[in-house]
Amino acid sequence: MTVLPKAIHASKEKMDESSKQSSASTSYAKETDMDLYLSIVVPVYNEEESVETLIVQIVEAINGLCVSYEIILIDDGSTDHTWTIIEMLAALYPHLRGIKFRRNFGQTSAMVAGFEHARGKIIVTLDGDLQNDPADIPILLEKIEEGYDIVSGWRKNRQDHFSRVLPSRVANYLISATTGVRLHDYGCSLKAYKADCIKQLKAYGEMHRFFPALASMTGAQVAEVETLHHPRRYGVSKYGFNRIFKVLSDIFAINLIIRFSSYPLKGFMLTALPFIFMAFFFGLLGVSAFIFEWTAGKAPFFMLGSALCGFTAIYLIVLGVLGELVVSTSDLTHTHLPEITKKEIHMDKS
Amino acid sequence: MIISVIVLLETQYSDFQEYLINLDQVFRNIGEAYEIVVIANGTGNFFRTHQERFPELGARMRAFEFVTPVTQAVSLKAILKETQGDILVICGSYQQLTNQSLEDCFRAMDATTDLVSPWREKRIDPSFNQLQSRIFNWITRCVVKTDLHDFSCTVKVCRRLVLEEIDLYGNMFRFLPAVAVARGFKVREIPVEHHQERGKTGFYSFSEYASRILDIFTIFFNTRFSRKPMRFFSFIGIGFIGIGIALMGVLFFERLFLETLIGNRPMFLVSLLLTILGVLVSGAGLLGEIIAFTNGRQKQEYVIEKKI
């Protein structure tokens, strides 16, 4: 087995202690209050064939580490027997917990529900379709113990069709370039988080791809490690083709949230800037056309263009002010996110 | 199991007491414990004049009044905590379904169903009303993506949980089945026979149509985009910007290669306007996203059915 960092050993000792305590009291409620080291969150949707193999693989990978852990399976409204199988498996594996959604709410919701229920200090997410290899989990944990807040997997040798790899390359490049959090593989579900960093984010919509970028709001340190990737064994891929547009508008939204959700007026002001310039430019042209009696571009036309651009700029600024109102009346928790990752500097008192 | 029969009394019909006594009869025959709760929505005086005529209902019936009329959704939400039923049967101001169909609706409520919506398969209304009702139902069906056929019947049978969990407001009662589907409840539609629809026939007022269309749009936006507004706004915004820039491209092509003068072409103005419109719509989308992120964070959209 890989050499374990100190912290894992420490937590192992802690676990031994607490498990002694809980076995003394023999109540399950006590055990649920226990602090765990690791929570593994796996959203599953119609994965009746692979669930069991998945659990076996995860347990195999984790057992060697000697850490306290739990596996949380979120059944995202499966229409097959996934939930029955999870219930059966839960009787066999005491570390397994299950959450069943009333209908299909999407992967982001499933992951967020998993985060909400996770009791571990570190949360690892992976796909339920066996494309990620649970054997990579220890590598991610080692990286976390090095001090990173988020470690993302990178499927360097991706086992998918070219038509899926290429759009994802472009998307990864765009997300990296715009958010400044450079990762090769945002789409890889195998990621490890320090629980505080991801729990506070309360993601929504379809943001699961962007968790590392979103978490940069907390000032989290992000690293990536190469992981294995297996071709799909069962079922079909659950992605549609019209994703390009959706991902583009999501990239747009995520950038806005990261950069400007604490200062919306600034964001809208930046959007308004080109229009302010254009308003002046057209205005100047209009005045010159009027003075020098140009025939091609008629003065009223330029004046109209100038007025329109001016209106747009003013409207955008008004929206920005409205945005400030929204932010100031909100719970404002997102403006304090960096407090999660603050670290004390130990002074040298020699 | 207790059944709460909720009567939304909004219009005054002369056969009201026969209707109530009949309703009482239907549920007495079913044989479960039940109560009848009348919500007199701005019709309190009318209800009082009829009250003495059915003393035998006495203990089983309770009534509440809103002096100033409110919408069905609001009155239901307000009265919910006064009712005791595990299953709620919601009825209108007059008998819309035949006794048999009403019972069928109730019986259709099995362990796996959360809401039963009646489908008046064979309509016996004037053909013009049928037509507009059909159009309305069709639009709603397309917009909210369900396979339900009939949204305009007031009668609904649902579990208490459905009304407790769904934040109904405004005119949303009509769309209760659609919202319930979006929330993950199991909704079942059963074909029923109905009595002649009362109330206005022929054309409604303009504001009626307008508010109906706005309601459909509200439901559409709330069920699909309330947690990802940017998707909706950028779809429209990028569309406008795209058309605007394409038109501008055509004009520049003409100016450069065909040497036509474009300064006085209306198309120039149109392209400029479209681009700007697109920017404005996308801007509103940004604000929407900020609202969703800052204020909607405590409200997660998923519903957990079971945990182990």
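Just so you know, these numbers come straight off a predicted model, no measurement behind them.

Chemist: Run through the overall build of chain B, naming residues and quoting values.
Modeler: On a plain count of helices and strands, chain B comes out with 10 helices and eight strands. Here chain B has a C-alpha radius of gyration of 25 Å; the compact-globule value for 308 residues is 19 Å, and the former is much larger. Classification of the 308 residues of chain B by burial places 50% in the buried group. Long-range pairs, those at least 24 residues apart, make up 79% of the contacts in chain B with a sequence separation of at least 6. Surface summary for chain B: the accessible area is close to 14600 Å², and the carbon and sulfur share equals 61%. Separation between the mean location of the 34 positive side-chain charges and that of the 32 negative ones in chain B comes to 6 Å.

Chemist: Run through the confidence of the model for chain A, naming residues and quoting values.
Modeler: Residues and elements named next belong to chain A. When pLDDT is averaged across chain A, the result is 81; 85% of the residues are at 70 or more. Element-level pLDDT for chain A is lowest in helix 2 (residues 28–33), with a mean of 42, against a maximum mean of 93 in strand 2 (residues 69–75). Across residues 1–33, confidence stays below pLDDT 50; counting only partners more than four residues off in sequence or on other chains, it has 27 contacts.

Chemist: Which residues make up the sheet that holds strand 4 (residues 87–91) of chain B, and what values do they have?
Modeler: Residue and element names in this part refer to chain B. Judged by pairing direction, the sheet is mixed, and its seven strands sit side by side in the order 3-2-1-4-6-5-7 without closing on themselves. At either margin of the open sheet sits one strand with a lone partner, and together these are strand 3 (61–66) and strand 7 (187–192). Strand-to-strand, the axes of this sheet are offset by a mean angle of 20°, without reference to chain direction. Pairing of strand 1 (residues 2–9) with strand 4 involves five bridges; the strand directions are parallel. From the neighbouring strand, Val 7 faces strand 4, where its bridge partner is Cys 91. Taken strand by strand, helix 4 (residues 99–107) contacts strand 1, strand 4, strand 5 (115–120), strand 6 (156–159) and strand 7, and its axis lies near 160° from that of strand 7.

Chemist: Please give an account of the interface of chain A and chain B that cites residues and values.
Modeler: With 59 residues of chain A in contact, the opposing surface of chain B contributes 48 residues. Here chain A packs against chain B, burying approximately 5000 Å² in sum over the two surfaces, 67% of which is carbon and sulfur. Per-residue buried area on chain A facing chain B is highest for Arg 102, Tyr 204 and Phe 301 of chain A; these three make up 18% of the total on that side. Applying the counting rule to chain A against chain B returns two salt bridges. In this structure, the salt-bridge partner of Arg 231 of chain B is Asp 250 of chain A, at a minimum N-O distance of 2.6 Å. Inspection of the region where chain A meets chain B yields nine residue pairs in polar contact (both at pLDDT 80 or more). Where the side of chain A that touches chain B is concerned, the elements lending two or more residues are helix 4 (82–92), strand 3 (96–101), helix 5 (107–117), helix 10 (243–260), helix 11 (264–292) and helix 12 (299–329) of chain A. A total of 14 residues in the side of chain A that touches chain B trace back to one element, the largest contributor, which is helix 12 of chain A. Each residue belonging to the side of chain A that touches chain B can be placed in one class, and the counts come to 33 nonpolar, 14 polar and 12 charged. When strand 3 of chain A meets strand 8 (residues 304–307) of chain B, the two strands line up antiparallel, connected through three bridges. Bridging from a neighbouring strand, Lys 100 of chain A pairs with Lys 306 of chain B of strand 8 of chain B.

Chemist: Give me the lowdown on the packing of helix 11 of chain A against helix 12 of chain A, citing residues and values where you can.
Modeler: All names here are of chain A. Closest axis-to-axis distance for the helix 11/helix 12 pair is 7 Å, and the angle between their directions is 165°. Accordingly, the angle class assigned to the pair helix 11 and helix 12 is roughly antiparallel. Helix 11 and helix 12 meet at a crossing whose hand is left-handed. When the residues that make up the contact of helix 11 with helix 12 are grouped by side-chain class, the tally is 24 nonpolar, nine polar and one charged.

Chemist: Any chance you could break down the environment of Phe 277 of chain A for me, citing the residues and the numbers?
Modeler: Within the secondary structure, Phe 277 of chain A sits in helix 11. Distance in space between the C-alpha atoms of Phe 277 of chain A and Ala 313 of chain A is 9.5 Å, their sequence separation being 36 residues.

Chemist: Which residues make up the packing of aromatic side chains, and what are the values?
Modeler: Within the structure shown, the criterion is met by 26 aromatic pairs over all chains. For the ring pair Phe 16 of chain B and Phe 47 of chain B, a centre distance of 6.1 Å and an interplane angle of 70° mean the geometry is edge-to-face. A residue pair is termed long-range when its members are at least 10 positions apart, and Phe 16 of chain B in helix 1 (residues 16–30) and Phe 47 of chain B in helix 2 (residues 44–51) qualify at 31 residues. Here the guanidinium or amino end of Arg 103 of chain A rests over the ring plane of Phe 105 of chain A, the centre of that ring lying 4.1 Å away. Here the guanidinium or amino end of Arg 212 of chain B rests over the ring plane of Phe 136 of chain B, the centre of that ring lying 4.7 Å away.

Chemist: Before we move on, could you go through the environment of Val 67 of chain A and cite the residues and values that matter?
Modeler: Along the chain, Val 67 of chain A turns up in the loop between helix 3 (51–63) and strand 2. As for Val 67 of chain A and Ala 253 of chain A, which are separated by 186 residues in sequence, their C-alpha atoms are 38 Å apart.

Chemist: Account for unusual backbone geometry, naming residues and giving values.
Modeler: Phi is positive for Asn 46 of chain A, close to 50°, though the residue is something other than glycine. Position of Asn 46 of chain A relative to the elements: it lies in the loop between strand 1 (36–44) and helix 3.

Chemist: Lay out helix 1 of chain B in plain terms, naming residues and giving numbers.
Modeler: In this model helix 1 of chain B runs 22 Å from its N-terminal to its C-terminal C-alpha over 15 residues, within 8% of the 21 Å that 1.5 Å per residue would give. Backbone geometry just after helix 1 of chain B places Gly 31 of chain B at a positive phi near 90°.

Chemist: Explain the pattern of salt bridges to me, using residue names and the numbers behind them.
Modeler: Scanning the entire structure with this criterion turns up 18 salt bridges over all chains. In this structure, Arg 102 of chain A engages Glu 165 of chain B in a salt bridge whose closest nitrogen and oxygen atoms are separated by 2.9 Å. One end of the pair, Arg 102 of chain A, is in the loop between strand 3 and helix 5; the other, Glu 165 of chain B, is in helix 6 (residues 160–165), on a second chain. Of the residues examined, Arg 102 of chain A reaches a relative accessible area of 11% and is grouped as buried. The exposure class of Glu 165 of chain B is partly exposed, given its relative accessible area of 22%.

Chemist: Could you give an account of the side chain of Ser 78 of chain A, with specific residues and numbers?
Modeler: Residue and element names in this part refer to chain A. Following the sequence through the fold, Ser 78 ends up in the loop between strand 2 and helix 4. A distance of 2.8 Å separates the side chain of Ser 78 from the backbone nitrogen of Asn 46, its partner in a polar contact. A polar contact of 2.5 Å, which involves the side chain of Ser 78, links it to the side chain of Asp 75. Leaving out residues up to four positions away in the same chain, Ser 78 has contacts with Val 44, Tyr 45 and Asn 46.

Chemist: Give me the environment of Asp 110 of chain B: which residues, what numbers.
Modeler: All names here are of chain B. Among the secondary structure elements, Asp 110 is positioned in the loop between helix 4 and strand 5. Residue Asp 110 is classed as partly exposed on the basis of its relative accessible area of 32%. Taking the C-alpha atoms as reference points, Asp 110 and Asn 41, 69 residues apart in sequence, are found 31 Å from one another. Non-local contacts of Asp 110, meaning those with residues more than four positions away in its chain, are made with Arg 159 and Arg 188.

Scoring rules and cut-offs
- Residues numbered from 1 in each chain as written.
- Chains lettered and ligands numbered in written order.
- Predicted model: local features only at pLDDT ≥ 70, side-chain atom pairs only at ≥ 80, totals over all residues.
- Heavy atoms only, no water.
- Helix = DSSP H or I, 4+ residues; strand = E, 2+ residues; numbered from the N terminus.
- Rg over C-alpha atoms; globule rule 2.2 N^0.38 Å.
- Buried < 20%, exposed > 50% of the residue type's maximum accessible area, 1.4 Å probe, protein only.
- Contact = heavy atoms within 4.5 Å.
- Areas by Shrake-Rupley, 256 points an atom, 1.4 Å probe, with all protein chains shown as cover.
- Lys, Arg positive; Asp, Glu negative; His and termini not counted.
- Charge placed at Lys NZ, Arg CZ, Asp CG, Glu CD.
- pLDDT = per-residue confidence, 0-100.
- Pairing = 2+ DSSP bridges.
- Axes fitted to C-alpha atoms, helices over the stretch in contact; angles between N-to-C directions.
- Buried area = accessible area lost by both parts, 1.4 Å probe.
- Salt bridge = Lys/Arg side-chain N within 4 Å of Asp/Glu carboxyl O.
- Polar contact = N/O pair within 3.5 Å; in protein donor to acceptor, adjacent residues only side chain to side chain.
- Nonpolar A, V, L, I, M, F, W, Y, C, P; charged D, E, K, R; others polar.
- Parallel < 35°, antiparallel > 145°, perpendicular 65-115°, else oblique.
- Left-handed = near helix turned anticlockwise from the far one by under 90°.
- Phe/Tyr/Trp six-rings, centres within 6.5 Å; stacked < 30°, edge-to-face > 60°.
- Lys NZ or Arg CZ within 6 Å of the ring centre and 35° of its normal.
- Expected span 1.5 Å × (residues − 1).

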